[in-house]
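# Remarks on the overall topology
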Amino acid sequence: MMSPTFQDLESQATSTLRFFLNGSPIVLDGNSFDPDSTLLDFIRSQGQGFTGTKLGCGEGGCGACTVVVQSRNPATQQIQHLAVNACLAPVVSVDGKHVITVEGVGSPENPHPIQERLWKLSGSQCGFCTPGIIMSLYAMVRNAAYRGSLSTADVELDGILDGNLCRCTGYKPILDAAKTFVGEYAGKLDSSDPVVPINFEAANLDHADCCSNPAPSVQGCGRADCCRLTKEVDDAPAKFPRFKLKPYQAGTELIFPPSLTKHSPSFLKFGSTSRQWLRPTTLAQLLAIKAQYPDAKLVGGSTEIQIEVKIKAAAYRVSVFVSDITELHGLWPPTSTRSTFEFGANLPLAELEVACKKLVSELGVQQSGPIEAIRTQLRYFAGLQIRNVASVGGNIATASPISDLNPVWVATGAKVLAASPDRPEFELPLTDFFTAYRKTTLPRDAVIVKIIVPLNDTAHREIVQAYKQAKRRDDDIAIVTACFLVRVTPEGKISLVRLAYGGMAPTVLSAKKTEAYLTGKSFSAKTLENALEVLGTETDLPFNVPGGMASYRKTLALSFFFKFWHKVCSEINLSPDLLPSKTDLQDLNTIIHRQLSTGRHDNSDPYAQEVIGRQEPHLSGLLQATGAAVYVDDMPKVGNEVYGALVMSSRAHAKIISVDATKALEMEGVVSWVSHLDLPNERANWWGGSALDEVFFAVDEVVYHGQPIGMIVAQTKILAQKAARAVVVQYEDLPRIMTIEEAMEQKSFHPSYDRWIKRGRPIDESLAASDHVLEGTTRMGGQEHFYLETMAVLVVPKLENGEMDVYSSTQSPTDAQRWVAVATGVPRSRIVAHAKRLGGGFGGKETRSSHVAAIAAVAAKKTRRPVRIMLDRQEDIMITGQRHPCRADWRVGFSSEGKLQALNVDFYCNGGHSIDISNGVGDRAISHLDNCYFIPDVDFHSLVCKTNTVSNTAFRGFGGPQGMLVAEHYIEAIADKLNLDIDHVRQINLYKEAEKTPYHQKVLDWHVPRLLSDCRKTSEYEERRAAVDRFNKEHKWRKRGIVLVPTKFGLAFGVKAMNQGAALVHIYMDGSVLVAHGGVEMGQGLYTKCCQIAAQELRVPLTDVFTSETGTNTVPNTVPTAASASSDLNGYAIYNACVELNKRLKPYRQQLGADATLAALAAAAFQDRVSLSATGHYATPDLGYEWNNQNETGNLFHYFTQGACATEVEVDTLTGDHTVLRVDIHMDVGKSLNPAIDYGQIEGAFTQGQGLSTIEESLWLRQNGAIFTTGPGAYKLPGFSDIPQVFNVSLLRDAEWPNLGTIKASKGIGEPPLFLGCSVALAIRHALKSARKDAGMNELQDFRLPLTSERIRMACGDFLAQKGRVEKKEGQEDFFVHI
Ligand SMILES: Cc1cc2nc3c(=O)[nH]c(=O)nc-3n(C[C@H](O)[C@H](O)[C@H](O)COP(=O)(O)OP(=O)(O)OC[C@H]3O[C@@H](n4cnc5c(N)ncnc54)[C@H](O)[C@@H]3O)c2cc1C
Ligand code: FES
Ligand code: FES
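Criteria and thresholds
Residues numbered from 1 in each chain as written. Chains lettered and ligands numbered in written order. Predicted model: local features only at pLDDT ≥ 70, side-chain atom pairs only at ≥ 80, totals over all residues. Heavy atoms only, no water. UniProt positions renumbered as here; feature names shortened; annotations may be inferred. Helix = DSSP H or I, 4+ residues; strand = E, 2+ residues; numbered from the N terminus. Rg over C-alpha atoms; globule rule 2.2 N^0.38 Å. Buried < 20%, exposed > 50% of the residue type's maximum accessible area, 1.4 Å probe, protein only. Contact = heavy atoms within 4.5 Å. Areas by Shrake-Rupley, 256 points an atom, 1.4 Å probe, with all protein chains shown as cover. Lys, Arg positive; Asp, Glu negative; His and termini not counted. Charge placed at Lys NZ, Arg CZ, Asp CG, Glu CD. Pairing = 2+ DSSP bridges. Axes fitted to C-alpha atoms, helices over the stretch in contact; angles between N-to-C directions. Near = heavy atom within 4 Å. Polar contact = N/O pair within 3.5 Å; in protein donor to acceptor, adjacent residues only side chain to side chain. Core = buried A, V, L, I, M, F, W, Y, C linked by side-chain atoms within 4.5 Å. Phe/Tyr/Trp six-rings, centres within 6.5 Å; stacked < 30°, edge-to-face > 60°. Lys NZ or Arg CZ within 6 Å of the ring centre and 35° of its normal. Right-handed = clockwise from strand over helix to strand, strands pointing away. Salt bridge = Lys/Arg side-chain N within 4 Å of Asp/Glu carboxyl O. pLDDT = per-residue confidence, 0-100.

With an unreviewed UniProt entry as reference, the protein is termed xanthine dehydrogenase, source organism Favolaschia claudopus. Here is the UniProt Subcellular location (unreviewed entry) comment for the protein, exactly as written: "Peroxisome".

## A look at the overall build of the protein
A tally of regular secondary structure across the protein gives 42 helices and 53 strands. In terms of overall dimensions, the protein is globule-like: its C-alpha atoms have a radius of gyration of 31 Å, near the 34 Å expected for 1379 residues. In terms of overall dimensions, the protein has a C-alpha envelope of 95 × 75 × 75 Å along the principal axes. For the protein, buried positions account for 66% of its 1379 residues. Considering only contacts within the protein whose residues lie at least 6 apart along the sequence, 77% involve residues at least 24 apart. On the protein, roughly 46900 Å² of surface is accessible, and the fraction owed to carbon and sulfur atoms is 51%. Positive and negative side-chain charges in the protein, numbering 140 and 151 respectively, have mean positions lying 1 Å apart.

## So, the sheet that holds strand β12 (residues 297–299)
Taking strand neighbours across the sheet as the criterion, the four strands line up as β10-β11-β13-β12 in an open arrangement whose pairing is mixed. Of all strands in the sheet, those with a lone pairing partner are β10 (268–272) and β12, marking the two edges. Pairs of neighbouring strands in the sheet enclose a mean axial angle of 20°, with direction left out of account.

## Quick notes on the site of ligand 1
Near ligand 1, the surroundings consist of 31 residues, among which Leu298, Gly300, Gly301, Thr303 and Ser391 are the closest. Between an oxygen atom of ligand 1 and a main-chain N or O atom of Ala382, the distance comes to 2.9 Å. Taking Gly394, its main chain carries an N or O atom lying 3.3 Å from an oxygen atom of ligand 1. In isolation ligand 1 offers 980 Å² of accessible surface; the protein chains occlude 93% of this area. Listed by contribution, the elements that provide at least two residues to the shell around ligand 1 are β12, α12 (305–310), α16 (392–398) and β20 (447–454). Looking at the shell around ligand 1 element by element, the count peaks at four residues for α16.

## Examining helix α4 (residues 113–120)
Of all eight residues in α4, eight are buried; the element is thus mostly enclosed. Those residues of α4 that sit buried are Pro113, Ile114, Gln115, Glu116, Arg117, Leu118, Trp119 and Lys120. Lining the buried residues of α4 we find α3 (102–105), α5 (130–147), α7 (172–179), β9 (248–249) and α22 (621–625). Downstream of α4 by a residue or two, Ser122 has a phi angle that is positive, lying close to 65°.

## Some details on the nonpolar core
Judged by nonpolar contacts, the single largest core of 135 residues is most densely connected at Ile133, Tyr185, Ile712 and Val806. In terms of residues, this core owes the most to one element, α5, which gives ten residues. Ignoring sequence-local partners within four residues, the contact set of Ile712 consists of Tyr643, Gly644, Ala645, Val647, Ala664, Val670, Ser672, Trp673, Ala720, Ala723, Ala724 and Val727. The next biggest cluster of nonpolar side chains, apart from the first, holds 104 residues, and it includes Tyr1199, Phe1200, Ile1242 and Phe1315.

## Observations concerning the packing of aromatic side chains
Taken as a whole and judged by the stated rule, the model has 36 aromatic pairs. Ring plane angle 80° and centroid distance 6.2 Å describe the contact between Phe484 and Phe561, whose orientation is recorded as edge-to-face. Taken together, the residues span a long stretch of sequence, with Phe484 in strand β22 (residues 478–488) and Phe561 in helix α20 (residues 550–571) at a distance of 77 residues. The exposure classification of Phe484 matches that of Phe561, with both residues buried. Ring geometry for Trp890 versus Tyr970: centroids 6.3 Å apart, planes at 75°, classification edge-to-face. Within this pair, whereas Trp890 is found in strand β39 (residues 886–894), its partner Tyr970 is found in helix α31 (residues 960–978), the two being separated by 80 residues in sequence. The pair formed by Trp890 and Tyr970 is uniform in burial state, with each residue classed as buried. Linked through ring pairs, Tyr467, Phe484, Tyr501, Phe523, Phe560, Phe561, Phe564 and Trp565 together constitute an aromatic cluster. Over the face of the ring belonging to Phe181 we find Arg117, whose NZ or CZ atom lies 4.1 Å from the ring centre. Over the face of the ring belonging to Tyr517 we find Lys521, whose NZ or CZ atom lies 4.2 Å from the ring centre.

## Regarding the pairing of strand β36 (residues 804–808)
On a regular strand, one side chain projects to one face of the sheet and the next to the other, so that they alternate. Most of β36 is tucked away: four of the five residues are buried. Here strand β35 (residues 792–797) runs beside β36; their pairing, made up of five bridges, is antiparallel. Counted as the bridge partner of Val795 is Val806 from β36. Counted between consecutive antiparallel strands, the loop separating β35 from β36 contains six residues, among which Leu799 sits at a positive phi close to 65°. Here β36 pairs with strand β37 (residues 831–835) via four bridges, running parallel. Bridge assignment links Asp805 to a residue of β37, and that residue is Val832. Crossover handedness for the path β36 to helix α27 (residues 813–824) to β37: right-handed.

## Details of the pattern of salt bridges
Summed over all chains, the structure comprises 81 salt bridges. With its nearest N and O atoms 2.7 Å apart, the salt bridge here joins Lys1363 to Glu533. Of this pair, Lys1363 sits in helix α42 (residues 1359–1364) while Glu533 sits in helix α19 (residues 525–538); the two residues are 830 residues apart in sequence, bridging distant segments of the chain. On the accessibility criterion, Lys1363 (26% relative accessible area) is partly exposed. Residue classification places Glu533 among the partly exposed positions, given a relative accessible area of 46%. Among the ionic pairs, Lys554 bridges to Asp540, the shortest N-O distance being 3.1 Å.

## Considerations on the sheet that holds β35
What holds strands together in a sheet is hydrogen bonding between their backbones, with the strands either parallel or antiparallel. Within the open sheet, the eight strands sit side by side as β27-β31-β25-β38-β35-β36-β37-β46. Their pairing is mixed. Edge positions in the open sheet fall to β27 (670–674) and β46 (1110–1111), since each of these has one partner strand only. Sheet analysis places β37 next to β46, joined by two bridges and oriented antiparallel. Looking across to β46, one finds that Ala835 is bridged to Thr1110. Lying on the sheet, α27 is in contact with β36, β37 and β46; it crosses β37 at an angle near 145°.

## Thoughts on the confidence of the model for the protein
In this model, the protein carries a mean pLDDT of 94, and residues with pLDDT of at least 70 account for 97%. The low-confidence segment residues 208–225, where pLDDT is below 50, has 42 contacts with residues more than four positions distant or belonging to other chains. Across residues 228–240, where pLDDT falls below 50, the model places 27 contacts with residues more than four positions away in sequence or in other chains.

## Describing unusual backbone geometry
Here the residue pair Leu1345 and Pro1346 is connected by a cis peptide bond, since its omega of 5° sits within 30 degrees of zero. Within the secondary structure, Pro1346 is located in the loop between β52 (1343–1345) and α41 (1349–1356). Of note in the backbone geometry, Phe786 takes a positive phi value of approximately 50° without being a glycine. Structurally, Phe786 can be placed in the loop between β34 (772–780) and β35. Relative accessible area serves as the criterion here: at 0%, Phe786 is assigned to the buried category. The phi angle at Asn1117 is positive, at roughly 55°, despite the residue not being glycine. Position of Asn1117 relative to the elements: it lies in the loop between β46 and α36 (1126–1152). For Asn1117, a relative accessible area of 57% translates into the label exposed.

Structure, rendered in structure tokens:
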């Protein structure tokens, strides 16, 4: 057949895409949407009913946009369900397929079992991640139904959820909900209607234990048919959650639309001449396109390209979608006559992984090496959503220096088969393919058709192994990646060796000299030593290497080889005396990865009343799980609405010379340019969290990279962002200060803040009188909030009197109202700020959200049109601030027994360019420097550094964790110095009941000693500590660490006036109750707890109580939802309102009887003209601490939430990887208002603390002061497989709280457990001490978090780390700045 010409193709082309969306056919003209639209843009543009699919990052790293694409596999014709990132997928990719979104899975009225279980088992807090997680699980369950079974390993170990992030839950409840599906399916989907029973046991739901375990503490398992639910028990108030869960019926699912089976894909062409999409269906068509447009951009999975378009603003004139070309999708396993493994260039990686798994089990060891190496890399390549669409061809063509697979191709000697218009087939060896940074030998007009991997056909033993080290094991780009191949003759000599590295050079690095040295050698210690020597010279990096981490990267390169060497030695039957011990071999040859997770809550509600104290699921959890919950950007478009895109500074500190928006304003669809000139007056530009020290729009100077200068307003988001890039700003650079050290050196501190706490003798005198004195420096990095919903606002001007409705994702509607009023020049009474729910906040949306709201309001005022902004993830990270990086320089005095005598701390935090509420953070930090320990004499001093970075702000814990970390550092230092057991040092220094903190507050209801002792017992801490010691003696390359750490967190806002709450409660005539209060729901279950309080007090079922939103028109002058105090403040205010209503209803209760319904009472009261609406107010009593005053002035906190946890970790000392083996948390939350929510807060806070102390690292670029970690690709949150393998949480019960005057004796819980997450780093330090001891080093001085894999590896100090250390030469600086 003649090859078609491009003109032939054009003549048959259609621009009509046909696909299904949630069971409905869609016929879409490709010319009707912006060619740069993604599938996510398309879905969300469908409006109400289609906003469940979320934008969390736009770079394939969070999974919030996950949809399921149902299609027939082109090769097998089987129906498959692929979880896909809609934010990366081009619309054209779904032609002929069925797209299922969360709304297609179920609805609030008829939820899918996955949705119901995730909700009821508390797997959804803020809910922004939930639809994406539902969709990943949906794909899992549907594929399992076709397969016929689902195991816990399928759920947890095969990466089903590795492309999804959740910032709230700590993942455990999600995994538990997923594991309820584990089991054998009664039959395949297309047999009759299999019903899958709920697997309580797999889901850690206690059922099995409950029904066989007589332990009195186990009160039930939560099952509706639990054996303990006797009739009497059933009638009594329930002591534990009892949920009826729908069984799963595979036969009720959405089917693959029959009409799509008949769909035959045709040549598609749409878009304009300046931006065109083509979709060929055959290789011949593709080559015809290439003949016409040699530079046409091929699009496979689009996982690389869409990042270039979105983040690097790449523009392509002609894009060609190639993933529907069957020739590029094939798989050719080796045969008896062909010893190669071949596959199509655009075969999705997930399919390749499955094929590799199968082949490895079929082929013998002689041939399976390369395939196993491919499989190894694929398992940890991106997240599943990416693997489901991304291709090897795309990866090879990208030629990334940190590709996971390219070293495999080089080491295995693979080739690509390419084709171009004038050369139908030609081979290119991959060993010479990568020529320079992102450059290859592939001709410009060529396409990769297939990849050919040669398999061993010699008699020599071939061993191949691939390695990858990243910051996080799942879904992370490599730091260093490698693949090694060696062939060994029967005589034990190396006949062939290839050592290929990624991450060590601008392109794949082949260690040629080491290969040459090794060829012909046999295996001996000397050969290894010499090889490492040569390799050391080949993998050397300059200290200032792009990407940083020079020492770590070199050490990894050596360590991987060291591992490989031993792997080979163990596989070629070397004499045992030439081999390390079996244990060492085992440690060298395996990677650390969490195994199946388990764990329990003490599943009973000891303080349950009718409504409060019960494990009620989150009230909007079902809406969240079905995608029906409305966040700001889900609000329907308001007529005439426009979109705002910020123009942000590209300098960290500079004078603005000029700003020119002319080009942008000329673009079609652009409505306006908004800047400081649009403010009512100069003063209106000034705002701030606690001082007027920053501007909404930069005027003549920018003080941080990313600072908003102005905003383009346009018809659509895509257009506004394009136009914003066309605004030209000229700068003149000024010197910048980035780090705490630079600020200290230049005395750059925020002038309004200088705080101290002193007690006892002058500190120098006290230290001099101490038996011993030690000094140290504790450093903790910042932390990005990474709430899944970025900041969003919709401002609707009412066009009268300056009135505006502001719908903001803010933790503080009152602040949004205040700053919008200032920026638009009207009294606050004309601005109504609303917040219905937030997709997470964690402090990040407390003050900083006002900035975005005010800018949008200025634009709305100017254009007289509704303005919407939802920041992209990168913008959000650039402008909204983080947890404060901090540094504490301390001196501690202590007795020879280890008792604390004196503590002097100079505490510095990096506040960034403005003070915001850094003063509060500094205050809290120095008020937590004691953690749980009594110190007679103290002198603490706190300053906030003024730097040219984004303004740092509140983050869960608000300085508390930073302070407590210092405490655990000096405790560790004392124990080390005196050679005492650290637990003993902790124990003898613990506060006793009614002892006073440095700020003179009595520590009352002091349960930490009991929590520690309970935790010690239930976690079997002593036995496990001994086991850890044994383990560490026996293991050289793996080390374990275990710690038992207490925490005490002071509850109250630092500013006395902020300790108030207010509420408004209406009773309607049908007996339903509307509750409004000052608190914002951001996932923490505040609305649920508050409704429980109202229901309890008004004696109605919880279902009768409702909260619609938080608005400044219902409850004015509210404080931000923060400081873990919102249920204390608003809960009590609601209670007070209900007390007032009850007072008014009392006569009717007496008249109508105790059983009268609220509707009847309301009707009777109405007849008597009694108001059924009441406000309530609450002010926290007994507060009055005065700062910088050594006298006893009053309490700083209302009470302390307390806790303890035992944490055990394991570390791979050759890579720096770690896993958390077990965590047992005991918390004192008083009488919990809702234990289900409190467990969730504890697990979620712990996980955030774990991230803070280990993998979460913000980095700045030295070259321009910009933040580098602007998305999930570079900034790693803990993922599903990072959580503890065993995770037990217990709430203190059978205790007394005589001094606790809070609502129903409950305690705030949002922030207090966060510090316990830092126990992971403390446990790693314990492990590291053993590693260093083995290396002959006894001290571990540097106390700096996060303890990343880099810091862990380099701290091990072994001979490889020493060999790998890269010294800094004159004039060299680290590529990154740690601020
Ligand atoms: C969140 C995320 C995580 C990631 N994680 C990893 C990771 O862990 N390891 C890793 O190595 N990479 C990772 N990547 C990078 C990316 O996923 C891979 O490079 C992927 O293999 C690209 O394949 P694709 O089909 O999506 O390519 P596309 O984005 O479609 O295309 C990439 C390039 O390949 C070209 N191309 C595509 N097909 C052909 C062909 N047949 N012939 C010639 N050129 C072609 C395109 O023109 C383009 O230049 C990640 C990306 C994201 C977004
Ligand atoms: S929004 Fe698509 S992965 Fe984050
Ligand atoms: S519930 Fe997962 S991010 Fe909030």
